[in-house]
Every structure is written in structure tokens, then in C-alpha cells.
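Here is what each chain is made of, one letter per residue.
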Amino acid sequence: MEEPEQGFAAGRHTCRPGILPGPTRVSSPQDDTWNWCVYLGHTMVLQPSERHYGDWNHRRLGPWCSPTGSPAPLSCETGCGEGSWILVCRLLVPTQVSLLSMEEDIDTRKINNSFLRDHSYATEADIISTVEFNHTGELLATGDKGGRVVIFQREQESKNQVHRRGEYNVYSTFQSHEPEFDYLKSLEIEEKINKIRWLPQQNAAYFLLSTNDKTVKLWKVSERDKRPEGYNLKDEEGRLRDPATITTLRVPVLRPMDLMVEATPRRVFANAHTYHINSISVNSDYETYMSADDLRINLWNFEITNQSFNIVDIKPANMEELTEVITAAEFHPHHCNTFVYSSSKGTIRLCDMRASALCDRHTKFFEEPEDPSNRSFFSEIISSISDVKFSHSGRYIMTRDYLTVKVWDLNMENRPIETYQVHDYLRSKLCSLYENDCIFDKFECVWNGSDSVIMTGSYNNFFRMFDRNTKRDVTLEASRENSKPRAILKPRKVCVGGKRRKDEISVDSLDFSKKILHTAWHPSENIIAVAATNNLYIFQDKVN
């Protein structure tokens, strides 16, 4: 990889563990079992118990115990996994980083908890907009509407603390995108991170792609624990020395230093999209990737930033004839020539780049015929596909529209082989959902590592899991109020009408401002990440 282009040298971000803005571990003087992690205003609370400081309820959420072995199937009683799902951590993004204050003491560090705020007071910039595990599951990256990327690293298992194997701690935090303004079009470009995609690790460094509405950036995240010393032309402070004063030749040496994690922009892919980018996907050849906006899909080479190749263009000559837009796109996990993209009409197109350079003509077209009896004013809106994902095997495609998740076989185009109702009880509420714009929410969906379970989000901080083998499903809630430390998550049920049971919630009581749009599943274990506003919940399958 070549050095970052001129103008981006100032974009280097460093994170030094133990020193703000890096992660800082703090032991409370009142109870030495407390373990905090503070990083740029993010707070992680570990180890079980409960305590009240003022008006803030701090809950210590227990050691993280990761499951072992392959992902387990759904269980009838507990929902998913051989055991049950438990909350292992809630990561909070406070509204004011400047309110963080720390005091040094002789033996311990104290933290002023006044900066903590409830998630309902989160600013727009604090809202998490994407979540993504890397290929091994050792790293978890989140992006927010403020253009920030926070990377968590999984703790390694030790002989003395086996339970810490499942613990994720902050690894690096950096500002990926800044707000911009297009003066030619009088258009403000938000810094919000739309997508993050990891590249497979090839060396000691990690690489990831992040994108906002217009610009994709390739970031290198690396560690440095040594520094060079003994330059001939520079003094110890880095200033140039007078050559006349140099009388001896020194050989520079590497000296140990505190571990530093650096995030450096290695490539910036800009000025290629007229419309907002909604998807990026890394090809299986790991040399190219594609970025998709509302009307076009571009193919990029990682080494070339000043040009891309347009492979899909559905923009009509007359924009008044526009009938659909691209909503999501993804490469096949094994075949570098194949990709799929979805549209706002509820259709999926499979394209083969071997057939034509410009893939306006699809190879396969997936569409389910509409039932005339279910036709309504909202039919076109709720049929729009918000996410499309290939299975890990590459045999199936999963799509998410407003009310359902569908699984398609690549060999059958006329209808999906599986359809799962996510929140069909909202069908009678479509009018009110249209008035408050919730009907336009874009929910994502994910597979588990063995493609046997799928997960997607809903309202009221509910998220749904569906077992493809047993056809069982479960509704769980990511909520600080309803999640006691180390407690098993209880399945939730929504009552549509009639008499409501004690453990049910009425459909009229659902909070549509609390929604699970972004989720991620560990590639090989039953560990899931669920983003709810400015909170990131980590759940795991409880192992007996």
C-alpha cells in the first residue's frame, strides 16, 4: 500500500491504551470489583451487581463468557442457542464528551460520573448507523451519524480468567468522515457512516472500508510499540541538525514504547457518485469492491482512486420516467464475477460480469407475484427491499422488506422458498406509520455462521430470530430497563387485540422511536451485536 495522498496526513488518528482518548480502565475506590472502560465519551460497564449514583442507574453487566463450538440451533423454550441469550454488555455514547473529567489520586484514579446521560438525551451524531464484525469475529466496528468509527477487540482467554474470553474492549476510535458542502449543487454532505466493510487480514494490520453519502475511505488500523532513535540528521526532538556539527555516524535503533493503535486513511475514493451511497461490498478476489447509490453501481480497484468502472446504470434519459431505485447490493461470497442488487419495487437482480461489461441486463430476476387481494395504497412502499445478503454458502439470498424477511434459492426465481413475518401486527397501523415516516425505515438482516438462523430488527427495541430448520421464531428486546445483569432474555409477545396477557405488550403501546435497524452476528459463534439508538448491546448464547 502506498502512503496516504497529500492532504490526508493530518487524518492520522492515534489511540494509546490507558490514556485518553484511548481506553482507560478505572477501579472504583468504593468497590474494587468495578471495572470501567472510558473512551472518547463511550462507557462500558462490566461485572455483575447494581448501584445507584444520583439519578443514574449503573448496572454492572457481568463477565463475558463466549460460547464454544459451532452456532447452536434455536431452542423451543429459550429462543436461540442450546442455552439462552443473555446481555453481556451495553455500550453507551454520551452526548457531551467535554463533560468527562478525571482526577488523579496517589493510589487510584477516580471518575466523575456526571457526564453520563440516559440514551433518550442522545444527540443525532451519537446514533449508531452501522455495525460489522470482521471475518474472524475478533474485531467489531461501529459507525455513527457523527462520522466516527469505534473498533472493539475481543479479549484473549487466559488461564487465570477463562471467563474473559468473550469480552470486547475498545481498540481504536477515529473520525472517519467530516461534514462537507457541495458549493456547485448547494448540497450539504453529512458525515454519517452508512456502511463499514472489513477486508480479510493479510498481515499484522487491519483494513476496513467506511463510507458516507459520497466518499468511500480505506482505513489501515495498525499497532506500534517501538520507536526509532539515534537519527543522524535530527536531534531527539525531531529538529534538523546542522550538518557541520555532525562528526560521527550513528546507526538508528528501535526502542520499546507504550502500545499505540493508529488509524490511517490509505485510500480516498471520491467524486464518483451523484446520488447517495447505500451499499459497499468487497469482492471475493479482494482486489476490487463495488459501491452502489440510488441509480448506479461502480466497480473500484483498491489501488486506483481516481477512476471507477460503472457496471450498472438504471438512470432513465428522462427522470420523469424513473420508476425504481437501487436499495442494496452485494457481491457473491465465492464467485468474483457475480453480484446481486435489490430495488424499491421489491425485485432482485443477479448479474454476471462475464456476460457483459455493463450489467444493465441481468442474468436472473427474482420477484414474487403480488396477491391482488392484499393490494393497498402502501403496497409499493412496504415491498421495497431495504437489505439483501448472500448466505455464507452462496446458495441463498436473504432480503428484508418492511414487514417480512424472505429467503430465495438462486435456482428458483419465481418465488421465495421461505417467508418470515417480522411484525405483521403492524399491517393495520400502516396509515399512522406513513404519517410519522416510520414506514420508510430501512431494517437490515443477518445470517448466523451456519446460515441456519436469521436475525432482523423491529420497533420497541425488539429484534427477531428465525430458525430455518425448526421454523421456530423468537422476539427479544434490547433494553436497559428490562435487562437485568446476567439475566436470561425473556421472549416478548405482542398482543394485537382482545384480552392481553400479563407478559404481553399491546401493539398500541409500542414505541416507534425505539427501533433496531442495525445488527451483526459473529461469523462462527453465537454472539450478536444490536444497535439501539446510541447504545450497542452485545448478547451471547448462555452456555450451561
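Just so it is clear, the structure is predicted and the values come from calculations on it, not from any experiment.

A. Up close: the pairing of strand β26 (residues 348-352). Here β26 lies mainly inside the structure; 5 of its 5 residues are buried. Burial along β26 is two-sided: the face carrying Ile 348, Leu 350 and Asp 352 and the face carrying Arg 349 and Cys 351 are both buried. Pairing analysis gives 5 bridges linking strand β25 (residues 338-343) to β26, with the strands arranged antiparallel. Residue pairing for β26: Val 340 is matched across the bridge by Leu 350.

B. Fine view of a nonpolar patch on the surface. Taken together, the side chains of Phe 377, Tyr 434 and Phe 440 make up a nonpolar region of the molecular surface, amounting to roughly 330 Å² of accessible area. Along the chain, Phe 440 turns up in the loop between α2 (430-435) and β32 (445-447). Exposure remark for Phe 440: the relative accessible area of 39% places this residue in the partly exposed category.

C. Structural context of the confidence of the model for the chain. Predicted confidence across the chain gives a mean pLDDT of 79, with 75% of residues reaching 70 or more. Across residues 1-79, where pLDDT falls below 50, the model places 256 contacts with residues more than four positions away in sequence or in other chains. Segment residues 93-120: pLDDT under 50, and 64 contacts once partners within four positions in sequence are set aside and those in other chains are kept.

D. Layout of the sheet that holds strand β27 (residues 364-366). Within the open sheet, the 4 strands sit side by side as β24-β25-β26-β27. Their pairing is antiparallel. Looking at the sheet topology across the chains shown, the edges are occupied by β24 (326-331) and β27. Neighbour-to-neighbour, the strand axes of this sheet turn through a mean angle of 20°, independent of strand direction. As paired elements, β24 and β25 share 5 bridges and run antiparallel to each other. The partner of Ala 329 across the bridge, within β25, is Tyr 341.

Cut-offs and rules
Residues numbered from 1 in each chain as written. Predicted model: local features only at pLDDT ≥ 70, side-chain atom pairs only at ≥ 80, totals over all residues. Heavy atoms only, no water. Buried < 20%, exposed > 50% of the residue type's maximum accessible area, 1.4 Å probe, protein only. Helix = DSSP H or I, 4+ residues; strand = E, 2+ residues; numbered from the N terminus. Pairing = 2+ DSSP bridges. Patch = residues over 30% accessible without salt bridge, like charges linked within 9 Å, V, L, I, M, F, W, Y side chains within 5 Å. Areas by Shrake-Rupley, 256 points an atom, 1.4 Å probe, with all protein chains shown as cover. Salt bridge = Lys/Arg side-chain N within 4 Å of Asp/Glu carboxyl O. pLDDT = per-residue confidence, 0-100. Contact = heavy atoms within 4.5 Å. Axes fitted to C-alpha atoms, helices over the stretch in contact; angles between N-to-C directions.

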